[in-house]
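Take a look at the letters that make up each chain.
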Amino acid sequence: MVNTIFEVIGMVSPGGISPLDEAREELLREASIEAEAFGREKAQEESGPARSLLVFSVGAEWYAVDLVHVRKVLRPARIARVSGAAPEVLGLMNCQGEVLCVLDLRRILGTGKEKLSTAEMEGKFIVVIQHGGKEAGFLVDAVRDVAELPASSVHPVLDSVDPSRARLFEGTVACCGQFAGLLSPSACLNP
Amino acid sequence: MTTGSVDLLVVDDGAALRGYDCRDVVRVEEVAGEPGGYLVRLGRLGSPREVACREVLGSVALSAREIRPVPEVLRERITGEKPWAVGLTERGMYLLY
C-alpha cells in the first residue's frame, strides 16, 4: 500500500480530513458561536430591555401582564359580595388582613356575562395587580407561564379585537406557541 | 361605645352584610306581609334615611384595628350609597354605611 505525500508528512488524518481543515472548522464553529452571541446582544440592545410577563388564560384566550405590576397570585378564599357594585365586581376578599377588591376579568374583557358562583371560582386564581396607587385582584382560569420577552416582541393590538376592548390592551405577544393579549393594568383598574 | 371602636347593627341585604352605627338607628320595623323583610330607620345622628333588608343579624362591636378603608377600585364601581369603611373580623366582612 502506497501512502500519499500528505499522509506521509502527517497532514491528513485517518478519516481523510487534514488537521488544518479541522483547525479551520473549529475556528469557524467558534466564530459562529461568537457571532450568534454578539447578534443576540445586539438584538437586545436594539429592542430594549426584556420584559417579564405573567401569562394566564381566561376561557380559551390567553393574556399577559407585565410582572412589574403583579403583586401576588392567590387562590380565591371567601369572597363577600357587595350590593350596588358594578357587574365586574365579584366582591371583597380578606387578603392577609387587607381588603382586596376582586374583579371578574371575563366581564371586563366582555367574554362572559353570567355571575360566577363561589363553587365556580374554585380552582381558579386571583392575580393581584397594582398600578397608579390602585390595587385589585383579577380572577383568571389558569396561570400559564412567566415569560421573558424583548420589548420589541410586543406587537400592536390585533385588528380582530373589538375597538371597545382595544383600550384594555398594550399590545399582543407570542409566547408558548400562543398569541396573548398584553393587558394594560391602568385600563383594567380604571372603569 | 368605647374609644376606638364602633357598635354596629348588622343586617343582611340579600347580597352582603351591612353594618350601621347603632347610635344612628332610630328603629327597626318588620315589613308587614313580607316574611324576612325589615326596614331600618336611621337618622338619629345624621340625615334621616331608611334601608330595606332581608334580615337583622344583631349587633357587633368593631375595634379600630378591625376597620379598613374601602378599596378605591370598589368605591369607583358602586352606584348609590357608598360604604365609608369595611369591617374585617374573623367572623366575616361587613360594609359599613
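Each remark here, short or long, concerns the structure printed above.
Here's what I pulled together on the structure shown here. Worth saying up front: this structure is predicted, and the values here are computed from it rather than measured.

Some thoughts on the overall build of chain B
Part 1 of the reasoning: For chain B, the helix and strand inventory stands at one helix and nine strands.
Part 2 of the reasoning: For chain B, the C-alpha radius of gyration of 13 Å lies close to 13 Å, the compact-globule estimate for 97 residues.
Part 3 of the reasoning: If one aligns the C-alpha atoms of chain B with their principal axes, the spans along those axes are about 40 × 35 × 30 Å.
Part 4 of the reasoning: Counting across all 97 residues of chain B, residues that qualify as buried make up 26%.
Part 5 of the reasoning: Intrachain contacts of chain B at a sequence separation of at least 6 include 37% that bridge at least 24 residues.

Points about the interface of chain A and chain B
Part 1 of the reasoning: Contact with chain A, which involves 17 residues of that partner, is made by 18 residues of chain B.
Part 2 of the reasoning: In terms of residue class, the side of chain A that touches chain B is built from 12 nonpolar, three polar and two charged.

Side note on the sheet that holds strand 6 (residues 55-63) of chain B
Residue and element names in this part refer to chain B.
Part 1 of the reasoning: Spatial ordering of the open sheet is given by 6-1-2-9-8-7, a layout of six strands whose pairing is mixed. Each edge of the open sheet carries a strand with a single partner, namely strand 6 and strand 7 (67-68).
Part 2 of the reasoning: Pairing of strand 2 (residues 17-21) with strand 9 (residues 93-96) involves two bridges; the strand directions are parallel. Paired with R18 across the two strands is L95, which belongs to strand 9.

Some words on the environment of S18(A)
Residues and elements named next belong to chain A.
Part 1 of the reasoning: Examined against the element boundaries, S18 turns out to sit in the loop between helix 1 (5-8) and helix 2 (19-47).
Part 2 of the reasoning: Assessed through the 15 C-beta atoms surrounding it within 10 Å, S18 is described here as partly exposed.
Part 3 of the reasoning: As a C-alpha pair, S18 and G171 span 153 residues in sequence and 54 Å in three-dimensional space.

The rules behind each value
- Numbers given to residues run from 1 along each chain, matching the order in which its sequence is written.
- The order in which chains are written sets their letters, starting at A; the order in which ligands are written sets their numbers, starting at 1.
- Totals for whole chains, interfaces and linings use all residues, but because this is a predicted model, local features are given only for residues with pLDDT of at least 70 and pairs of side-chain atoms are given and counted only at 80 or more.
- Helix and strand definitions here come from DSSP, where helices need a minimum of 4 consecutive H or I residues and strands a minimum of 2 consecutive E residues; each element is numbered from the N-terminal end.
- Radius of gyration here is computed from C-alpha atoms only, and the compact-globule reference equals 2.2 Å multiplied by the residue count raised to the power 0.38.
- Exposed residues have 12 or fewer other C-beta atoms within 10 Å of their own C-beta, buried residues have 20 or more, and partly exposed residues fall in between, where C-beta atoms are placed from the backbone.
- Remark: residues whose backbone-derived C-beta atoms lie within 7 Å of one another are considered to be in contact.
- Three classes are used: nonpolar for Ala, Val, Leu, Ile, Met, Phe, Trp, Tyr, Cys and Pro, charged for Asp, Glu, Lys and Arg, and polar for all others, with Gly counted as polar.
- Note on pairing: two strands pair once DSSP finds at least 2 bridges between them.

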